[in-house]
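Overview (structure and organization)
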Amino acid sequence: MKEFVDTDELLQKKYARLFHIVDKSKSIIFFTGAGVSTAANIPDYRGDEGLDKAPLNIAQMGLSERDLDCKMPTLGHRIISILFDKDERFKFITTSNHDGLHQKSGTPWNKTANIFGTAYIEECLTCKEKIH
């Protein structure tokens, strides 16, 4: 599937609609996916050069996970974190990413659901305490 870019005119219309929706909302939940992390040079799954085109073997996956430690949050991650701090209507993030960049940007762990898990939470097998 080829990615596309909206025209500036269409983007302005979409922004206006989004701002109107946000302005009228009482509670806001974000749903993010790979697109929010591609600016951090983390490949998406189905994009033009996505991971589904050249699947990684288990050794490459381990190296890829290790490399996440060096990645920094994008502008999108930081803006979402700022919105959480500044506006109580922003309640929660559900993300399909496991890169931890929402938390690196300052979003609390208890305000995020990582639907495919995350590389950054360990759980004690004895007491079940979660370690971030």
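The following refers to the structure shown. (Residues numbered from 1 in each chain as written. Predicted model: local features only at pLDDT ≥ 70, side-chain atom pairs only at ≥ 80, totals over all residues. Heavy atoms only, no water.)

Turning our eyes to something else, we now look at the overall build of the chain. A count of helical and extended segments in the chain gives four helices and five strands. Starting at the N terminus, the α and β elements of the chain follow one another as α-β-α-α-β-α-β-β-β. Counting the 132 residues in the chain, one finds 26% classified as buried. Put simply, 56% of the contacts in the chain that link residues at least 6 apart link residues at least 24 apart. Summing over all exposed atoms, the chain offers an accessible surface of approximately 9,700 Å²; the carbon and sulfur share of this is 59%. (Helix = DSSP H or I, 4+ residues; strand = E, 2+ residues; numbered from the N terminus. Buried < 20%, exposed > 50% of the residue type's maximum accessible area, 1.4 Å probe, protein only. Contact = heavy atoms within 4.5 Å. Areas by Shrake-Rupley, 256 points an atom, 1.4 Å probe, with all protein chains shown as cover.)

As a further point, take the pattern of salt bridges. Scanning all chains against the criterion turns up three salt bridges. Among the ionic pairs, lysine 14 bridges to aspartate 6, the shortest N-O distance being 2.6 Å. Lysine 14 sits in the partly exposed class, given a relative accessible area of 40%. Using a relative accessible area of 19% as the deciding quantity, one classes aspartate 6 as buried. (Salt bridge = Lys/Arg side-chain N within 4 Å of Asp/Glu carboxyl O.)

Core analysis: the largest hydrophobic core is formed by six residues, namely Ile28, Phe30, Ile80, Phe84, Phe90 and Ile93. Going through the elements one at a time, strand 1 (28–32), helix 3 (75–86) and strand 2 (90–95) are the ones with two or more residues in this core. Here phenylalanine 84 is in contact with Phe30, Phe90, Lys91, Phe92, Ile93 and Lys111, once residues within four sequence places are set aside. (Core = buried A, V, L, I, M, F, W, Y, C linked by side-chain atoms within 4.5 Å.)

What follows deals with the layout of surface pockets. Quantified by volume, the second largest pocket comes out at close to 410 Å³. Together, 16 residues line the second largest pocket, and Leu18, Phe30, Ile79, Ile80 and Leu83 are the ones closest to its centre. Counting residues per element, the ones that place at least two in the lining of the second largest pocket are helix 1 (8–24), strand 1 and helix 3. Among the elements that make up the lining of the second largest pocket, the one with the highest residue count is helix 3 (five residues). A breakdown of the residues in the lining of the second largest pocket according to their chemical character gives 13 nonpolar, three polar and no charged. (1 Å grid on protein atoms, 1.4 Å probe; cavity = no way out; pocket = protein on both sides within 12 Å on 5 of 7 lines; lining within 4 Å. Points joined across faces, edges and corners; volume = space filled by probe spheres on them. Nonpolar A, V, L, I, M, F, W, Y, C, P; charged D, E, K, R; others polar.)

Looking now at the sheet that holds strand 2. Each strand in a sheet pairs with another by means of backbone hydrogen bonds, the pair being arranged parallel or else antiparallel. Judged by pairing direction, the sheet is parallel, and its three strands sit side by side in the order 1-2-3 without closing on themselves. At either margin of the open sheet sits one strand with a lone partner, and together these are strand 1 and strand 3 (112–114). Averaged over all pairs of adjacent strands, the angle between strand axes in this sheet comes to 15°, irrespective of strand direction. Pairing analysis gives five bridges linking strand 1 to strand 2, with the strands arranged parallel. Among the inter-strand pairings, isoleucine 28 is bridged to a residue of strand 2, identified as phenylalanine 90. (Pairing = 2+ DSSP bridges. Axes fitted to C-alpha atoms, helices over the stretch in contact; angles between N-to-C directions.)

The backbone of asparagine 41 shows a phi angle near 65°, a positive value even though the residue is not glycine. Within the secondary structure, asparagine 41 is located in the loop between strand 1 and helix 2 (58–67). Classification of asparagine 41 by relative accessible area gives exposed; the value is 63%.

Remember, this is a structural readout, not a statement about activity or role.
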